[in-house]
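Chain by chain, the residues run as shown.
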Amino acid sequence: MRSFGREMGFQNNFGKLKSGLFRMVEVLLFPEKCMKCGVYTEQDRNRSHTLESCFCHACGKEGISPIVPPLCTSCGIRFKTGESHVCGDCLKTPLKLGRVRAAAEYKGIVRDAIQLFKYHSKFAMAKPLEHLLFQTFLQYYETLPIDLVMPMPLHRSKMRKRGFNQAYFLSRNFKTLYYQAFRRLPSWDTDLRSLVRIRKTESQTGFDIEERRKNVKNAFKIVREDRIKGKHILLVDDVFTTGATCNEAAKALLRHGAARVDALVLART
Ligand SMILES: [Zn+2]
Ligand SMILES: [Zn+2]
C-alpha cells in the first residue's frame, strides 16, 4: 500500500510538474496582454477566460457591476433599495417585451469589453462575454418555457461595415454551453433567420426615447412566420439603452403571432 501511495504521489507531483512546465512555456510563447492598454499582464490560471483576466490591474479596477434585484420586473433597470416592481417608465409606456434582464451595468470592464469587441474587432473578448451572458440566461430564463433564442439582426449595410453581428457571436454557442452544463439538449432552439432588419436606421446616440422609437419604427420584417407562431422568443443583444430597438423587434414578432417576447442583454445603461 505504502509503495502504491508513493507511486501515486510521484505521479501527482509529476503531473503537476508537467502542467507547470507546460504553463511556463505557454506564458513565454504567448504572453497575455491587457486588451485595453496592451501592457503584459501576469497570468492567473484561475481567472483565465474571465472578463477580469482580459485587463491589467489599472484598466480593470472598475470591475463588473452586476445587475441584481431589486429591479424593474419589466425593463430590468436596477433600483437602489426596496423590492422589485414595475418602474415608472414602464407603467407610463409599457414595453412590448415581457421581461428584460441584463448581466451588468454598461460601465467598467463590461463597457470596455463590448466596445473593444464591437468597434475594434477584438474577438478574444467574445468568449468571456458569451460566458457572462450565458450565466445570466441560466439565472433568469433556464426555468422558463422558451422556444427560440434569437440574436438581434443587423441591417445588411451594418453587417458589411462591421463584418459580423455581435449578438450572433454572443449567443451562437448557447446550445453547446447548455449541453456542457446539463448533459442534455435544451428544449429551445436558436433562430437566425426568421427576423430580419430591413430598414437602415441612424445611430440612436443623442436621441431621446421618442426619437429613438420613431427612428426604429418598422425596421424589422418577419420572413418565417410559421417558425414564430405561438412561440416564446428570447431576443439576445449586447446593450439595452431605452430598449427602443428590442421593443420594435418584439412588436413585429408579436404582430406575426409570437406568444411572448423577452430580452436578454449583456449590459444596460
Ligand atoms: Zn490595461
Ligand atoms: Zn421598467
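Up top is the structure.
Computed from a prediction, not measured in an experiment: that's the story for all the values here.

### With respect to the coordination of the zinc ion (ligand 2)
Phase 1: At this site the zinc ion (ligand 2) is bound by Cys72 (SG), Cys75 (SG), Cys87 (SG) and Cys90 (SG), with donor distances of 2.3 to 2.4 Å.
Phase 2: Positions of the donor residues of the zinc ion (ligand 2) along the chain correspond to the pattern C-x2-C-x11-C-x2-C. Placement of Cys75 in the loop between helix 1 (2–29) and helix 2 (88–92) and of Cys90 in helix 2 is noted, with a sequence separation of 15 residues between them.
Phase 3: Given the relative accessible area of 7%, Cys75 is considered buried.

### Section: a positive patch on the surface
Phase 1: On the surface, Arg156, Lys158, Arg160, Lys161 and Lys200 cluster together into a patch of positive charge.
Phase 2: The residue Lys161 is located in helix 5 (residues 156–162) in this model.

### Structural notes on the packing of helix 3 (residues 108–120) against helix 4 (residues 126–140)
Geometrically, a packed helix pair is captured by the angle between its two axes and the distance between the axes.
Phase 1: Taken N-terminus to C-terminus, the directions of helix 3 and helix 4 make an angle of 130°; their axes are 10 Å apart at the nearest point. One finds that helix 3 runs oblique with respect to helix 4. The way helix 3 lies across helix 4 gives a crossing that is left-handed. Residues Val110, Ala113, Ile114 and Phe117 of helix 3 form the contact with helix 4, whose participating residues are Ala126, Leu129 and Leu132.
Phase 2: Residues that form the contact of helix 3 with helix 4 fall into these classes: seven nonpolar, no polar and no charged.

### Focus on the sheet that holds strand 1 (residues 100–105)
Strand pairing within a sheet occurs via backbone hydrogen bonds; the two strands may be parallel or antiparallel.
Phase 1: Read across the sheet, five strands follow the order 1-7-6-2-3 without closing on themselves; strand pairing throughout is parallel. The open sheet terminates on both sides in strands that have one partner only, identified here as strand 1 and strand 3 (189–190).
Phase 2: The strands touched by helix 10 (residues 244–255) are strand 2 (148–151), strand 6 (232–240) and strand 7 (260–268); relative to strand 6, the strand with the most contacts, the crossing angle is about 165°.

### Some remarks on the pairing of strand 6
Phase 1: For strand 6, the tally of buried residues reaches nine of nine residues, placing the bulk of the element in the interior.
Phase 2: Strand direction decides the pairing type here: strand 2 and strand 6, joined by four bridges, are parallel. Paired with Met150 across the strands is Leu235, a residue of strand 6.
Phase 3: In terms of strand pairing, strand 6 meets strand 7 through eight bridges, oriented parallel. Bridge pairing in strand 7 links Phe240 to Arg268.
Phase 4: What joins strand 6 to strand 7 is helix 10, and the crossover it makes is right-handed.

### Structural notes on unusual backbone geometry
Phase 1: Of the consecutive residues Pro69 and Pro70, the connecting peptide bond is found in the cis state with omega at 5°.
Phase 2: If you trace the backbone, Pro70 turns up in the loop between helix 1 and helix 2.
Phase 3: If you check the backbone angles, Arg183 has positive phi at about 55° while not being a glycine.
Phase 4: Along the chain, the position of Arg183 falls in the loop between helix 7 (174–182) and strand 3.
Phase 5: Note on Arg183: relative accessible area 59%, which makes it exposed.
Phase 6: Residues other than glycine seldom take positive phi values, yet Asn218 does so here, at roughly 55°.
Phase 7: Within the element layout of this structure, Asn218 appears in the loop between helix 8 (209–215) and strand 5 (220–222).

### Observations regarding the packing of aromatic side chains
Phase 1: In this structure the tally under the stated criterion is 14 aromatic pairs.
Phase 2: Plain terms: the ring middles of Phe137 and Phe174 are 5.4 Å apart, the flat faces sit at 50° to each other, and that makes the pair tilted. In this pair, Phe137 sits in helix 4 while Phe174 sits in helix 7, placing the two residues 37 residues apart along the sequence.
Phase 3: A relative accessible area of 0% places Phe137 in the buried class.
Phase 4: Ring-pair connections join several aromatic residues into one group, and the members of that group are Phe134, Phe137, Tyr141, Phe174, Tyr178, Phe182 and Trp188.
Phase 5: For Arg172, the ring lying beneath its charged end belongs to Phe169, and the centroid distance is 4.4 Å.

### Details of the pattern of salt bridges
Phase 1: Evaluation of the coordinates by the stated rule reveals eleven salt bridges.
Phase 2: In this structure, the salt-bridge partner of Lys107 is Glu105, at a minimum N-O distance of 3.6 Å.
Phase 3: Using a relative accessible area of 32% as the deciding quantity, one classes Lys107 as partly exposed.
Phase 4: Residues Glu225 and Lys229 are paired through a salt bridge, measuring 3.0 Å at the closest nitrogen-oxygen approach.
Phase 5: Since its relative accessible area comes to 34%, Glu225 is described here as partly exposed.
Phase 6: Residue classification places Lys229 among the partly exposed residues on the basis of a relative accessible area of 47%.
Phase 7: Among the charged side chains, a salt-bridge network with shared partners connects Arg78, Glu105 and Lys107.

Rules used in this analysis
Residues numbered from 1 in each chain as written. Chains lettered and ligands numbered in written order. Predicted model: local features only at pLDDT ≥ 70, side-chain atom pairs only at ≥ 80, totals over all residues. Heavy atoms only, no water. Donors = N, O, S within 2.8 Å, 3.2 Å for Na, K, Ca; no water. Helix = DSSP H or I, 4+ residues; strand = E, 2+ residues; numbered from the N terminus. Buried < 20%, exposed > 50% of the residue type's maximum accessible area, 1.4 Å probe, protein only. Patch = residues over 30% accessible without salt bridge, like charges linked within 9 Å, V, L, I, M, F, W, Y side chains within 5 Å. Areas by Shrake-Rupley, 256 points an atom, 1.4 Å probe, with all protein chains shown as cover. Salt bridge = Lys/Arg side-chain N within 4 Å of Asp/Glu carboxyl O. Lys, Arg positive; Asp, Glu negative; His and termini not counted. Charge placed at Lys NZ, Arg CZ, Asp CG, Glu CD. Axes fitted to C-alpha atoms, helices over the stretch in contact; angles between N-to-C directions. Parallel < 35°, antiparallel > 145°, perpendicular 65-115°, else oblique. Left-handed = near helix turned anticlockwise from the far one by under 90°. Contact = heavy atoms within 4.5 Å. Nonpolar A, V, L, I, M, F, W, Y, C, P; charged D, E, K, R; others polar. Pairing = 2+ DSSP bridges. Right-handed = clockwise from strand over helix to strand, strands pointing away. Phe/Tyr/Trp six-rings, centres within 6.5 Å; stacked < 30°, edge-to-face > 60°. Lys NZ or Arg CZ within 6 Å of the ring centre and 35° of its normal.

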